[in-house]
Each structure stands twice: as C-alpha cells, then as structure tokens.
Amino acid sequence: EGFDAFCVDPIARGFEMPEFALVDEFNTAKIAADPALEEQSRAALGLLRGFQSQTMTTSQIFDTDLLGRYLAHANLWSARHGTAWHNVRYYYNPLTSRLEPIAYDALALCQDYVGLLDLDRYDDPAVMQAYAHETQRISQPEYLDSLKATYGGEFERYRSILLQEFPEDELAPPWAALARRQTLLQAALHPPQSVYAYQIIESAAA
C-alpha cells in the first residue's frame, strides 16, 4: 500500500526526476572535520550540481575517458540498474578536478535490463569516442576468452560452494549471456546503412 501511494503521489513522484535528486557526499562528519576534504567536497558537489542543472559540459565535470569506458562495460554486463540516477556514485579526483564513475548496485545480466543504455545525458564527443573504442575492444571474442581464462576457474570454485544453498538456475555461468551481449554491442556499433530514395512524379497536367 505504501509503495502504491508513493507511485501516485505527485510530490513523491519527484523521486523519478533527477532534477530533484539530493546531491550529497558520504562520511559527511569526517569531511567536515578536515579542511582539505571539505574543500574537495565543495568542488565535487559543485560539479554534480552543474551536471544536474546542465550548466556545465560533460567534459568539464567528468573524466571522459573513464566515463566512456565505464558505460561500455555497463552495456556489456547489462548493468543499467547501476547507472540509474539514484544509484550513481562518483569519486572526485583532486588531481584532475573531475568526477570518476564508481560501479554500484549493478545487477549484472539482470533480465529486467536487457536493452542498451541511454547515453544521451552524457552527450559529449570525448565520452562517445572512449565508449566506442572500449566497446569495440570488449565485444571481440578474444576479450571474452581472456576473461573466462582469467576468472573461469575462480567462478566455478565459488559457484560450487554457493550451489549448496542456491538453486542452479540462479548461478548460471555468464559466458553465453556475455557472448550474446557482445553481438548486440557489435550490431549497435555497426548499424545497417539504409538508403531512402524518393521519386517525385509530376502530374500529367504539368
């Protein structure tokens, strides 16, 4: 009942709008006690508010290379849940004065998030270039082979332990799903080139 009321309450529905999101830092008391951290916090929160209000460009706010690469991996792993505005986390790098994405609450390969990310809110040539380059790299079969060779044994070890408590269908190996995602990413990078031809038919009177 509480959730239903939340969904219809016009004020509560502001939760769905990033423009009304609370911009805040973690460990507020610790930051307030350290002048250097407090200064960095003000800078970081200013960047986030600039992003929220769209008064600053993406390149002014984020490390565009890291952001593009992060979005590529989020797409490979179908981790859109972690990129929803209420789940995003960023690290402020005082050396670059830019924000860097932190993966959080990703729900990797969740069937509810099979589509690709909407990248419009990060509309920036540098981000898109980094995204396309990383997507091209991680959508190759060799990348998945390397991933499986590196982590496959460890995955099976943990899986055999967890199977004592969880059903097998909840612990399916990710390799087949990742291969399908690779195909999807390749198709998105190389869409079919369509040509539309129009012929103007002059009237007989002309």
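Before reading on, note that the structure itself is shown above.
Residues numbered from 1 in each chain as written. Predicted model: local features only at pLDDT ≥ 70, side-chain atom pairs only at ≥ 80, totals over all residues. Heavy atoms only, no water.

Here we look at helix α5 (residues 64-76)
Counting along an α-helix, one turn takes 3.6 residues, and residues three or four places apart therefore face a common direction.
Here's step 1: Between its first and last C-alpha atoms α5 spans 18 Å; for 13 residues at 1.5 Å apiece the expected length is 18 Å, and the two agree.
Here's step 2: What α5 keeps buried is the set Thr-64, Leu-67, Gly-68, Tyr-70, Leu-71, Ala-72, Ala-74, Asn-75 and Leu-76.
Here's step 3: Those residues of α5 that are buried are in contact with α4 (58-61), β2 (98-102), α6 (125-138), α7 (141-162) and α8 (175-189).
Here's step 4: With a side-chain oxygen lying 3.2 Å from the backbone nitrogen of Asp-65, the N-terminal cap of α5 falls on Asp-63.
Here's step 5: Of the residues one or two after α5, Ser-78 is the one with positive phi, at around 50°. (Helix = DSSP H or I, 4+ residues; strand = E, 2+ residues; numbered from the N terminus. Expected span 1.5 Å × (residues − 1). Buried < 20%, exposed > 50% of the residue type's maximum accessible area, 1.4 Å probe, protein only. Contact = heavy atoms within 4.5 Å. Polar contact = N/O pair within 3.5 Å; in protein donor to acceptor, adjacent residues only side chain to side chain.)

Some points on the environment of Ser-139
Here's step 1: For Ser-139, the location among the structural elements is in the loop between α6 and α7.
Here's step 2: Residues Ser-139 and Leu-185 lie 46 residues apart in sequence; the distance between their C-alpha atoms is 6.5 Å.
Here's step 3: If sequence neighbours within four positions are ignored, Ser-139 has contacts with Gln-182, Leu-185 and Gln-186.
Here's step 4: For Ser-139, the side chain forms a polar contact with the main-chain oxygen of Gln-136, separated by 3.3 Å.

Here we look at unusual backbone geometry
In terms of backbone geometry, most residues other than glycine have negative phi values and most peptide bonds are trans.
Here's step 1: In the Ramachandran plot, Ser-97 falls in the positive-phi region, its phi being about 55° despite a non-glycine side chain.
Here's step 2: Looking at the element boundaries, Ser-97 is found in the loop between β1 (89-93) and β2.
Here's step 3: Despite not being glycine, Leu-109 has its phi angle at roughly 60°, a positive value.
Here's step 4: Relative to the helices and strands, Leu-109 resides in the loop between β2 and α6.

A short note on the pattern of salt bridges
Here's step 1: Here the structure, examined in full by the defined rule, presents four salt bridges.
Here's step 2: Put simply, Arg-159 and Glu-168 hold a salt bridge, and the shortest N to O gap is 3.6 Å.
Here's step 3: Classification of Arg-159 as buried rests on a relative accessible area of 14%.
Here's step 4: Three or more residues are tied together by salt bridges with common partners; here these are Glu-156, Arg-159 and Glu-168. (Salt bridge = Lys/Arg side-chain N within 4 Å of Asp/Glu carboxyl O.)

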